[in-house]
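Structural description and commentary
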Amino acid sequence: MDKTKIIDGKMVSELIKTKVTAEIIEIKKKNYRLPSLTIIQVGDNKASSTYIKNKKIACEKVGIICNALTYPQTISETTLFNIINKLNQDSSVDAILVQLPLPSHINSEKIINTIAIKKDVDGFTPQILGRLMLGHYQLLPGTPKGIMLLLEHYQIKLPGQHVVIIGRSNIVGKPLANLLINASTTVTVCHSQTKDLSSFTKQADILIVAVGKPKIITPEMVKENAIIIDVGVNRDENNKLCGDVDFENVIPKVKMITPVPGGVGPMTIAALLENILYLYYQNNNS
Ligand code: NAP
């Protein structure tokens with residue numbers, strides 16, 4: 001494998017974590033309260049538990065306090081609403097993260113909207129997403145932010161490039177499309193109803209795939225020398241972690257590509273840590 005083609009999210013995320021750690025050391029030196037994140041989990045979804053564990057470890061490594069609260073699958077919307085409202089009022093909590101998905105009897109949008117904007121670390125509230133659309137970037141959702149930071153680190157030229165994004169979720173595809181439009185790229189967004197997907201993917205200078213289906217992007221679907229960002233997290237036939245891109249067969253053809261694991265995933269966590277620190281400073285200055 002040509003390692004020079006790898007966009008190393010793990011390495012870039014470590015650089016960001018080192019910066020966050022240094023800032024927290026300064027906070028400790030001043031004997032100030034440490035930044036803190038509260039994560040809310042409902043039920044015991046295995047994938048959610050793993051994501052939360054990873055976020056908690058990352059926080060603790062850099063010196064951020066992380067409280068993970070778990071509630072039963074049967075919790076009512078009203079109880080959850082009250083819990084979040086209490087956290088909104090608690091001045092020792094800088095950041096609140098509700099781990100998705102929530103059980104079907106709970107309206108996720110309504111719950112997310114309950115989070116105070118000044119504590120919305122995921123950036124999923126309409127106000128933050130609306131600001132993002134208008135080009136105001138105080139806080140960005142973790143995965144789109146992580147991807148932009150990766151592109152920036154590798155000095156990947158954006159203006160005038162044709163970016164094709166597959167996936168239009170509110171947490172990845174849509175915010176990313178807005179960020180990339182504002183970065184003067186030409187953006188095409190594809191989804192499950194797109195006809196002849198490969199006619200679009202083949203045009204991409206930068207192809208970003210956020211679908212959640214193992215290896216749906218094959219070598220014939222990518223342009224020679226394209227840059228590929230693989231957001232997907234899946235298990236292959238051997239239960240091994242893999243992305244949405246057929247990595248082994250695509251890599252000879254492309255200029256650069258993110259691996260799974262070790263690409264976008266660690267950047268999402270690093271972006272989360274930066275966001276917690278940002279909210280901490282905001283809350284302490286308001
Ligand atoms: P999502 O909400 O399920 O959205 C998936 C998108 O893919 C939808 O827009 C869907 O189209 C589209 N799609 C589904 N099948 C398709 C097909 N055959 N051809 C073209 N488009 C298709 O997922 P998400 O939350 O955005 O996450 C996507 C993937 O990224 C998942 O594997 C998730 O685990 C991963 N992820 C990773 C990170 C990370 O940090 N690494 C963070 C977030 C998500 P419709 O809109 O028409 O249904």
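Residues numbered from 1 in each chain as written. Predicted model: local features only at pLDDT ≥ 70, side-chain atom pairs only at ≥ 80, totals over all residues. Heavy atoms only, no water.

1. Topic: the overall build of the protein chain
On a plain count of helices and strands, the protein chain comes out with ten helices and ten strands. A compact globule built from 286 residues should have a C-alpha radius of gyration of about 19 Å, and the protein chain, at 19 Å, falls within 12% of that. Over its C-alpha atoms, taken along the principal directions, the protein chain stretches across nearly 55 × 45 × 40 Å. The buried share of the protein chain, taken over its 286 residues, is 50%. The contacts in the protein chain between residues at least 6 apart in sequence include a share of 71% that link residues at least 24 apart. Split by element, the accessible area of the protein chain, about 14,000 Å² in all, is 53% carbon and sulfur. (Helix = DSSP H or I, 4+ residues; strand = E, 2+ residues; numbered from the N terminus. Rg over C-alpha atoms; globule rule 2.2 N^0.38 Å. Buried < 20%, exposed > 50% of the residue type's maximum accessible area, 1.4 Å probe, protein only. Contact = heavy atoms within 4.5 Å. Areas by Shrake-Rupley, 256 points an atom, 1.4 Å probe, with all protein chains shown as cover.)

2. Quick notes on the pattern of salt bridges
For the coordinates displayed, the defined rule picks out eight salt bridges. The salt bridge involving E14 is made with K17; its shortest N-O contact spans 3.8 Å. Of this pair, E14 and K17 both sit in helix α1 (residues 9–29), three residues apart, which is roughly one turn of that helix. Accessibility expressed as a relative area gives 34% for E14, which makes it partly exposed. For K17, a relative accessible area of 17% gives the class buried. For the salt bridge of K29 with E26, the shortest nitrogen-to-oxygen distance reads 3.1 Å. Separated by three residues within a single helix, K29 and E26 lie in helix α1, roughly one turn from each other. Note on K29: relative accessible area 61%, which makes it exposed. It is possible to trace a salt-bridge network through shared partners that takes in K10, E14 and K17. (Salt bridge = Lys/Arg side-chain N within 4 Å of Asp/Glu carboxyl O.)

3. Considerations on α1
Note on helix geometry: an α-helix contains 3.6 residues per turn, so any two residues three or four positions apart are oriented the same way. If you check α1, its first and last C-alpha atoms are 30 Å apart, about what 21 residues at 1.5 Å a residue would give, namely 30 Å. For α1, the complete set of buried residues consists of G9, V12, S13, I16, K17, V20, I24 and I27. Along the axis of α1, the buried residues cluster in a sector spanning 135°; they form a single face. Relative to its buried face, α1 has exposed residues pointing more than 90 degrees away, namely T18, K19 and K29. (Expected span 1.5 Å × (residues − 1). Arc of directions from axis to C-beta.)

4. Notes on the domain arrangement of the protein chain
Domain parsing of the protein chain yields domain 1 (30–117) and domain 2 (142–264). The C-alpha-based centres of domain 1 and domain 2 are spaced at 29 Å. (Domains from an automatic or database assignment.)

5. Points about the nonpolar core
Core analysis: the biggest nonpolar cluster contains 51 residues, and L37, L180, I208 and I276 have the highest contact counts within it. The element contributing the most residues to this core is helix α10 (residues 264–285), with ten residues. When residues of this core are assigned to domains, at least three fall in each of domain 1 (30–117) and domain 2 (142–264). The residues touching I208, leaving out its near neighbours within four places in the chain, are I147, V163, V164, I165, I166, L176, L180, I229 and V231. In this structure, I166, I217, V222 and V254 belong to the second largest nonpolar core, which totals 19 residues. (Core = buried A, V, L, I, M, F, W, Y, C linked by side-chain atoms within 4.5 Å.)

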